[in-house]
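For reference, the chains in residue letters:
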Amino acid sequence: MKKVILLTLIAVFLAGCVNINKSSYEEIINYALNNEKIKLKNKSSNGYSYYLPVGLQIKENKKNNIVFQNEKYQFYMYIDIISYYNKRKEKYQENNESYISQIIEKNEKFGYLEINLQEDAKYLVEIMYNYAKIEVIVDECDLKETVSKAMAILSTISYNDTILENMIGEDILNYSEVEFNIFETVKNESNIIEYDENTEHSDNIDDVPDTDLIN
């Protein structure tokens, strides 16, 4: 009984102790970046691990492309291990024409948030941080919760340098090809649709214990 209560409290805490709807995007991002208690990892794959928030589940996994899904949306994430391995850096230029456009930085980690209005009153959220990028199309009412969940994932990504060096060294020809540029924004849903059509399902996902699940 104590274990159930403890895990429930952890899940509630990690889901967010800030009032998301009343917070600014900057406050939501800073909460994810500076909350030292959000360090728990419950997923691991291909030389990195991360925390997957309550309400999201892995739908597909192909190399370093992962699709997360909740009851309404699909989150497309790409891990750029080549840029991480080479410590590549590119500056993001804030776009005044976007609904939201801002730089994300903490210590040596960097990225950006950009949100652009699409057709049918939908919004494309592009958020990159720590050599990984998440794209998702959502309704306006779900924008802040979406940014919160995406940042919970991106801010907790931890790379295993030894595993990545072995992976890249053994398969350098495949990894030398640039599949997706996380440093560039797309501003429309075309690449998301293309990704969805071409993604292959894979069950080769190495999970560590998921503390969101109470047996």
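Because the structure is a prediction, the values reported are computed rather than measured.

Undergrad: Outline the sheet that holds strand β7 (residues 109-117), supporting the account with residue identities and numerical values.
TA: Here we have 7 strands laid out as an open sheet, ordered β3-β4-β5-β9-β8-β7-β6, and antiparallel in their pairing. The open sheet is flanked by β3 (57-62) and β6 (100-106), the only strands paired with a single partner. The average undirected angle you get between the axes of adjacent strands in this sheet is 15°. Relative to strand β8 (residues 122-129), β7 runs antiparallel, the two being bridged by 7 bridges. Bridging from a neighbouring strand, Glu114 pairs with Glu126 of β8. Along the sheet face, helix α2 (residues 25-34) touches β6, β7 and β8 and points at about 20° away from the line of β6. On top of the sheet, helix α4 (residues 143-154) reaches β4 (65-69), β5 (74-79), β6, β7, β8 and β9 (132-139); it is set at about 20° to β8, its chief contact.

Undergrad: Tell me about the environment of Lys87, and please be specific about residues and values.
TA: Position of Lys87 among the secondary structure elements: in the loop between α3 (81-86) and β6. Overall, the relative accessible area of 48% leaves Lys87 in the partly exposed class. Residues Lys87 and Tyr131 lie 44 residues apart in sequence; the distance between their C-alpha atoms is 9.0 Å.

Parameters at a glance
Residues numbered from 1 in each chain as written. Predicted model: local features only at pLDDT ≥ 70, side-chain atom pairs only at ≥ 80, totals over all residues. Heavy atoms only, no water. Pairing = 2+ DSSP bridges. Helix = DSSP H or I, 4+ residues; strand = E, 2+ residues; numbered from the N terminus. Axes fitted to C-alpha atoms, helices over the stretch in contact; angles between N-to-C directions. Contact = heavy atoms within 4.5 Å. Buried < 20%, exposed > 50% of the residue type's maximum accessible area, 1.4 Å probe, protein only.

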